[in-house]
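The residues making up each chain are set out below.
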Amino acid sequence: MADRVAWLAGWVILALVMVPVALMVTALWQQSADVLSVGFLLEDPGRAGRSGGIAALLISTGWILALCLLVAVPVGLGCALYLSESLPADSRRAQWLGGVLDMLAAVPSIVYGLFGYQFFAITLGLGFSILSGGLALALMVLPLMIRSAEQALRGVPMSYRQASEALSISRWGWVRRILVPQAAPGIAVGIILSIGRALAETAVLLFTAGYVLRQPDSLLDSGRALSVHIYDLAMNVPGGMPRAAATGLVLVAILVILNLLVRRWLRPAQGAWQ
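Per chain, residues are indexed from 1 in the order of the written sequence. With the structure being a predicted model, the display of local features is reserved for residues of pLDDT at least 70 and the display and counting of side-chain atom pairs for 80 or more, all residues being used for whole-chain, interface and lining totals. Side-chain measures were taken over the full set of non-hydrogen atoms in the model, leaving aside hydrogen atoms and water.

A.B. asks: Any details on the nonpolar core? Residues and values, ideally.
C.D. replies: Core analysis: the largest hydrophobic core is formed by 52 residues, its most contacted members being Ile64, Leu137, Leu179 and Leu205. Dropping the residues within four chain positions of it, Leu179 is found in contact with Leu81, Glu85, Leu153, Val156 and Trp174. Grouping buried Ala, Val, Leu, Ile, Met, Phe, Trp, Tyr and Cys residues that are joined through side-chain atoms within 4.5 Å yields what is termed a nonpolar core. Each residue's exposure class comes from its accessible area (1.4 Å probe, protein chains only) as a fraction of the maximum for that residue type: buried when under 20%, exposed when over 50%, partly exposed otherwise. Whether two residues touch is decided by their heavy atoms; if any such pair falls within 4.5 Å, the residues are in contact.

A.B. asks: Explain the side chain of Ser32 residue by residue, including any values.
C.D. replies: Position of Ser32 relative to the elements: it lies in helix H1 (residues 2–32). Of the residues examined, Ser32 reaches a relative accessible area of 0% and is grouped as buried. Put simply, DSSP H or I for four residues or longer makes a helix, DSSP E for two residues or longer makes a strand, and each gets a number counted from the N terminus.

A.B. asks: Report on a nonpolar patch on the surface, specifying residues and quantitative values.
C.D. replies: Judged by side-chain polarity, Trp7, Leu8, Trp11, Val12, Ile13, Leu14, Leu16, Val17, Met18, Val21, Met24 and Val25 come together as a nonpolar surface patch covering roughly 1200 Å² of accessible area. Positionally, Met18 belongs in helix H1. Candidates for patches are residues over 30% relative accessible area with no salt bridge; among them, like charges are joined within 9 Å and nonpolar side chains (Val, Leu, Ile, Met, Phe, Trp, Tyr) within 5 Å. Computed with the Shrake-Rupley method and a 1.4 Å probe, the accessible areas treat only the protein chains shown as cover for residues. Any carboxyl oxygen of Asp or Glu that lies within 4 Å of a side-chain nitrogen of Lys or Arg is treated as forming a salt bridge with it.

A.B. asks: Can you tell me about the environment of Leu83, naming the residues and giving the values?
C.D. replies: Within the fold, Leu83 resides in helix H3 (residues 55–86). Residues Leu83 and Gly134, spaced 51 residues apart in sequence, show a C-alpha to C-alpha distance of 25 Å. Apart from residues no more than four positions distant in its own chain, Leu83 is found in contact with Leu97, Leu101, Ile146, Glu150 and Arg154.

A.B. asks: How would you explain the pattern of salt bridges if you had to name every residue and give the values?
C.D. replies: Summed over the entire model, instances satisfying the criterion amount to five salt bridges. In this structure, Asp102 and Arg147 form a salt bridge, with 3.0 Å as the shortest nitrogen-oxygen distance. Taken together, the positions of Asp102 in helix H4 (residues 92–105) and Arg147 in helix H6 (residues 130–154) put the pair 45 residues apart, joining distant regions of the chain. Take Asp102: its relative accessible area is 39%, and that puts it in the partly exposed class. Ionic pairing is found between Glu150 and Arg154, a salt bridge with its closest N-O pair at 3.0 Å. In this pair, Glu150 and Arg154 are both assigned in helix H6, four residues apart and thus about one turn of the helix distant. Judged by relative accessible area, which is 25%, Arg154 ranks as partly exposed. Taken together, the shared-partner salt bridges in this structure form one network comprising Asp102, Arg147, Glu150 and Arg154.

A.B. asks: Describe the packing of aromatic side chains, naming the residues involved and giving the relevant values.
C.D. replies: Any two rings among Phe, Tyr and Trp, with Trp reduced to its six-membered ring, count as a pair given centres within 6.5 Å; such a pair is stacked if its planes are under 30 degrees apart, edge-to-face if over 60, and tilted if neither. Considering all chains together, one arrives at four aromatic pairs under this definition. Put simply, the rings of Phe115, Phe119 and Phe120 pair up and form one aromatic cluster.

A.B. asks: Summarise the side chain of Ser148; cite the residues concerned and give the values.
C.D. replies: Its location among the elements puts Ser148 in helix H6. The class of Ser148 is buried, set by a relative accessible area of 16%. With residues near it in sequence (within four places) discarded, Ser148 still touches Gly186, Gly190 and Leu193.

Geometric values such as these leave the question of function open.
Put into structure tokens, the structure is as follows:
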């Protein structure tokens, strides 16, 4: 009887989680049904977004996200390895660094936008560009990435470490062949959360990447991300809500696809040590 109640409660909780998601997707679809098409994905925007599609914006968003992950994932994983391998969890330094990371993760995105504008765009002379936007986003998601990866690495059973020491496996061999593969699911969660926050970000990119509608030719060109386009259509363009909804639906689809790809990419590493 208890197992049946637990099973039923699990399905009820799942339904409560999925209902808002289904309502959101349905609302976006109803508003964008007349706009969403293959041409919408393949055409560049025109007339301040009132016509055309989002092809140039997809390219800008892809460049910004790729640059963000290219910086955030290796740096975040390296910092997490240092915290988990060099500092005991109950040490004062580990607790202090953890508190600083938690504080940085809670800083409003507009603050990262202002800092990114002042440091990357002005001080480094990068201006409003894909490079400024990607670096500012990487800076914003790093605390989240580090903390998620650190918790995943610390969660690997101590018996694995003891076995590796008994077999005289080198420190690098332990990290590369055992520790990281075993922590892969938790690392994937950190990457997925970072992708979600980066794709949804508007304030940071307004101050760093800019909002021109044309397709960027290099990392030093300005480019408009999908989230910025949604904001501009919904707030500044009369009659732009259907196209904003269509762009939002595409953004949700991209997030789902990237989540599946990250999980699939890290699954073989973990499966090799199951």
